[in-house]
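Per-entry structural report
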Amino acid sequence: MAKPRIKVPKKAAAGDVIKIKALVSHTMESGQRKDKEGNVIPRKIINKFVCSFNGSTVFSCDIDPAVSANPYLEFRAKVMESGTFTFQWTDDDSSVIEAEKSIEVA
Amino acid sequence: MNTNRRKLLVRTLGTVGLLGTSKVFATAEDVEAAIKAIAGDAEITQGALTLTAPEIAENGNSVPIAVLVDGELTPESYVESVAVFADGNPNPEVITFNFTPDSGEAFAATRLRLAKTQNVVAVAKMNDGTVLTDTKNVKVTIGGCGG
Amino acid sequence: MKLSRLCCAVFISGVALVTFAQAETTAPEDVQIQALSINKPLTNNAGDPANGKAVFVNRKLGNCLACHANSDLKDQLFHGEVGPSLDGVAQRWTDAQLRTILVNAKAVFTEQTVMPAFYSLDVGANVRKDLIGKTILEAQDIEDLVAYLSTLK
Amino acid sequence: MHVMNKKALLTAAFASLSTLAVASPVDDVLIIDEEIEMTTRVESVEGHPIPEVISGWHYRTPETRALEADSFANPGMLGVETGESIWHTVEGTAGKSCASCHNDATVSMKGVGANYPKWDEKNQRPKNIEAQINHCRVENMGAEPYAFDKGGQKPLTAYIKHQSLGMPVEIDLEEGDMQAWWEKGKETYYLRTGQLNLSCASCHEKNHGNYIRADHLSQGNVNGFPTYRLKQNKLISLHNRFRGCIRDTRAEYPAAFSDVLMGLEVYTTWRGTGLAVETPAVRQ
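Here the structure is a predicted model, which is why all the values come from computation and not from measurement.

Definitions and cut-offs
- Residues numbered from 1 in each chain as written.
- Chains lettered and ligands numbered in written order.
- Predicted model: local features only at pLDDT ≥ 70, side-chain atom pairs only at ≥ 80, totals over all residues.
- Heavy atoms only, no water.
- Helix = DSSP H or I, 4+ residues; strand = E, 2+ residues; numbered from the N terminus.
- Buried < 20%, exposed > 50% of the residue type's maximum accessible area, 1.4 Å probe, protein only.
- Contact = heavy atoms within 4.5 Å.
- Areas by Shrake-Rupley, 256 points an atom, 1.4 Å probe, with all protein chains shown as cover.
- Phe/Tyr/Trp six-rings, centres within 6.5 Å; stacked < 30°, edge-to-face > 60°.
- Lys NZ or Arg CZ within 6 Å of the ring centre and 35° of its normal.

**Overview of the overall build of chain B**
Helices and strands together make up the secondary structure of chain B, namely two helices and nine strands. Split into buried and exposed, the 147 residues of chain B put 48% on the buried side. Considering only contacts within chain B whose residues lie at least 6 apart along the sequence, 62% involve residues at least 24 apart. Roughly 6,500 Å² of accessible area belongs to chain B as shown, and the carbon and sulfur atoms make up 51% of that amount.

Next comes the structure, spelled out in structure tokens:
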């Protein structure tokens, strides 16, 4: 499986509102589809996404099966100091995909 | 015995869902109920929340949308959440974006699945309880020769 | 409401089966084309324009809307533009000519036309095995479509 | 009388109404990541029936076009990244990865995808990237060849072709019997198949720019394969797409990498000569 793709600027000025993009490889099986034998394919999606900066939550979302495969998210964050963004995607099976990105704030 | 007419009838009935398995879709009422659950008794207003969605989605499997509430977010005044609903999908819920004062700006974008042509509705809830909505109709194309 | 509609449909289909028990159809290989016309209807049951409209729209049957725009179906999104608009088609063609175009458009528009032959075995190479010897539409579909198209004046 | 009818019909064809207001093809410029300007319209090579070759990108909606213009947003890039990790993965009895022989793909594979299919002297037939990968796997790595669309075939092919992003497609028909395969491919391109009796040309040569129901028909150029298709939400290989199109004519469809489809790959690749490699393109 591909690693999550995350785009965070390397540098910013204190007080800047920066753009963050995140894309993770996942089929987002909706639970609405049927296989060739007509059996419902069980739901298996990323249901939660959390982005934190230096330990506190910046942005999060609760995700339903209507979000496309390979879920894409774009959002903003206001940065006042250098630090690390952490990203967590939680699967229906409770497994968590994690990633990190650092930013230097002048 | 001519069976053509019978076959045709069966096919025609099948296509309108009498004999075929028909999917059950959410309705505008389901979305209204969901909004009511978020808003409670608060007045629902429009204007400061903008939902961006294509007029025509080339494929319902991946429809880009974005939400934006005007203004900078501060600890005193910020957007708590923007929930997105679709009134023609099997389930009306799509996604809920949760913001904090550290979000800086209440902007979020994603891609969603739309089962057919329908309305997409965004509902923003401010920390003071104010509720905003915006709606866009998205026409979902239905393929060419192969369907 | 839904149940009563279903009952109604079943009732009509019962009547239809009785009525059409004596129906005669012309097999695709027996269809006579003279001067771009097929004068004799393919079945002895009068065409049903309402069903013709359904066949026109249905993606598994005529799927005519894939290639032809038709203002009569404004409620349907996305009309194709590979073929001409069918607005006023009944003023341009007689029923017998419309029947020919539906049966095998090549007989009217030469081999160059991309319009499929809907009631002919004059088809392309390597036809899917289960469709060999079968036409896209049945004789009654064609008659219903002719009846529908003849309303587009 | 009949002549008049035909005239009326033609006039009506030009007046046909469409609920989709997009002009066709769209006048726009594809610049990936505000950096790589892509050749998406080019004068066609001698002998081509259409004067200007146009990338399928021009036939898509603004949202789909934007997805390809941003390599981060392009979900096909997830496949390319998977391909990159396969490139460095040791497989087979020889204990080798692609990188063991070819080192840095960004250097060694640059231009490769723009010039395939090439002539395969040993097998006396054209080889595409997929065939070359399998050749390496069997002969050099001691690994099993990939079955069609299985294992790492699509992502690795996408990764290799992506190294030629922006480079013009050009294949050498002088090599071996390439010309004969081009001829075979041309026959296939114009062969009307199935109950619907359609050829590739019926849609992609005679009707590109027209809508078939909601689908805006392109010229069917192949410069973006493997392509991320929104319909399936994954990378789709060229031979999968060939088969899908032929299937839609209600015909039996040839096996992937069969002589028929290899000829068609040679011919359709040639038709797109001069277009920039877009792999992974994003389509509807």
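**Some words on unusual backbone geometry**
Residues and elements named next belong to chain D. Look at the link from Tyr116 to Pro117: it is a cis peptide, with omega at 0°. Mapped onto the fold, Pro117 is located in the loop between α5 (105-108) and β5 (118-120). Here Phe225 and Pro226 are connected by a cis peptide whose omega angle stands at -15°. Secondary-structure assignment places Pro226 in the loop between β8 (215-216) and β9 (227-229). Phi is positive for Glu34, which is not a glycine, with a value near 55°. Examined against the element boundaries, Glu34 turns out to sit in the loop between β1 (31-32) and β2 (36-37). Positive phi outside glycine occurs at Phe257, with the angle close to 65°. Structurally, Phe257 can be placed in the loop between α10 (238-248) and α11 (259-271).

**So, the packing of aromatic side chains**
In total, this model carries 19 aromatic pairs over all chains according to the counting rule given. Grouped by ring-pair contacts, the aromatic residues Phe49, Phe53, Phe59, Phe75, Phe85, Phe87 and Trp89 of chain A together with Phe97 and Phe99 of chain B constitute a single cluster. When the ring centre of Phe107 of chain B is taken as origin, the NZ or CZ atom of Arg76 of chain A, which lies over that ring, is 4.1 Å away. In this arrangement the basic side chain of Lys184 of chain D is found over the ring face of Trp181 of chain D, its NZ or CZ atom lying 3.9 Å from the centre.

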